[in-house]
Amino acid sequence: QNPAGIKMLGTVSVLLRGIPFIYQGQEIGMQNAKWNSIDEYDDISTKDQYKAALAAGLSKEQALAACGRMSRDNARTPMQWDDSENAGFTTGTPWFAVNPNYKTINAAAQVEDPDSIYNYYRKLIELRKEEEVIVYGTFDGLEDADENLYIYTRSSENKKILVICNFTEKELDVPASIADMVKENRGILIGNYKDISEKIRPYEAVVYLVK
């Protein structure tokens, strides 16, 4: 699990134009489950893809790994509420197996943790409600500044924010084309690191008020 990366992806999504959808446990960083057999899957499409992969010459292990990455069943495991039996989802038998990592990834463990993925999503939602520029502002993509960064601005007549997201595990320099904008920023609205850096750190997301 990479909490910084999960928060970064949340930043990209929630601050873009349009209505953000937060579901399938992404607000607590739920992950794809890793099953040991195709028989553990319920999705017909995944089973068909598995057969096609075998026919193409992949081993059972290779076919399972390839199909598992894209299976729709990844989004169908029960919500992980706490670390009790069945992740607190039901006292009965769930229709689909619970991801075994529910002991460490669950809502109850994150609610009271101010640095959790859950509480970061809450801050993103609060920011979206507070700043009308995020809802109504124009979008300008600046990702050409660096292919490893996703950079965009949201602008209104009297306000502008700059969103920088690092999709790599490398520390990167601020692109020259936005260096002045960053240097003259009026404050950081949100970020997934606790401190400030002159570099853009691995999986960092930082949102500047620039106008």
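Residues numbered from 1 in each chain as written. Predicted model: local features only at pLDDT ≥ 70, side-chain atom pairs only at ≥ 80, totals over all residues. Heavy atoms only, no water.

Visitor: Please give an account of the overall build of the protein chain that cites residues and values.
Guide: A tally of regular secondary structure across the protein chain gives 7 helices and 5 strands. Summarising its shape, the C-alpha atoms of the protein chain cover approximately 55 × 40 × 30 Å along the three principal directions. When burial is assessed residue by residue, the protein chain has 41% of its 211 residues classed as buried. Of the roughly 12,300 Å² of accessible surface on the protein chain, a fraction of 49% belongs to carbon and sulfur atoms. Within the protein chain, one finds 24 positive and 32 negative side-chain charges whose respective centroids are separated by 2 Å. (Helix = DSSP H or I, 4+ residues; strand = E, 2+ residues; numbered from the N terminus. Buried < 20%, exposed > 50% of the residue type's maximum accessible area, 1.4 Å probe, protein only. Areas by Shrake-Rupley, 256 points an atom, 1.4 Å probe, with all protein chains shown as cover. Lys, Arg positive; Asp, Glu negative; His and termini not counted. Charge placed at Lys NZ, Arg CZ, Asp CG, Glu CD.)

Visitor: So, helix 3 (residues 60-70): which residues are in play, and what are the values?
Guide: Structural remark: α-helix, 3.6 residues per turn; residues separated by three or four positions point the same way. Every buried residue of helix 3 is listed here: A63, L64, C67 and G68. Relative to the axis of helix 3, the buried residues are bounded by an arc of 125 degrees and lie together on one face. Exposed side of helix 3, more than 90 degrees from the buried face: E61, R69 and M70 are the residues found there. If you follow the buried residues of helix 3, they end up packed against helix 2 (44-55). (Arc of directions from axis to C-beta. Contact = heavy atoms within 4.5 Å.)

Visitor: How would you explain the sheet that holds strand 3 (residues 160-166) if you had to name every residue and give the values?
Guide: Across the sheet, 5 strands lie side by side as 1-2-3-5-4; this open sheet has antiparallel pairing. In this open sheet, the two edge strands, each paired with only one partner strand, are strand 1 (138-141) and strand 4 (188-191). On average, each strand axis in the sheet is tilted by 15 degrees relative to the strand beside it, whichever way the strands run. Sheet strands in contact with helix 5 (residues 117-130) are strand 4 and strand 5 (205-209), and its direction is about 150 degrees off that of strand 4. (Pairing = 2+ DSSP bridges. Axes fitted to C-alpha atoms, helices over the stretch in contact; angles between N-to-C directions.)

Visitor: Tell me what's going on with helix 5, and back it up with residues and numbers.
Guide: With 14 residues, helix 5 should cover 20 Å at 1.5 Å per step; its first-to-last C-alpha distance of 20 Å lies within 8% of that length. Tucked into the core, helix 5 has its buried residues touching helix 1 (3-14), helix 4 (107-111), helix 6 (132-136), strand 4 and strand 5. (Expected span 1.5 Å × (residues − 1).)

Visitor: Explain the pattern of salt bridges to me, using residue names and the numbers behind them.
Guide: In this structure the tally under the stated criterion is 8 salt bridges. Close ionic contact of K194 with D115 constitutes a salt bridge, the shortest N to O distance being 3.0 Å. Of this pair, K194 sits in the loop between strand 4 and strand 5 while D115 is found in the loop between helix 4 and helix 5, placing the two residues 79 residues apart along the sequence. For D115, a relative accessible area of 39% translates into the label partly exposed. Connected through shared salt-bridge partners, D43, R72, D73 and R76 make up one network. (Salt bridge = Lys/Arg side-chain N within 4 Å of Asp/Glu carboxyl O.)

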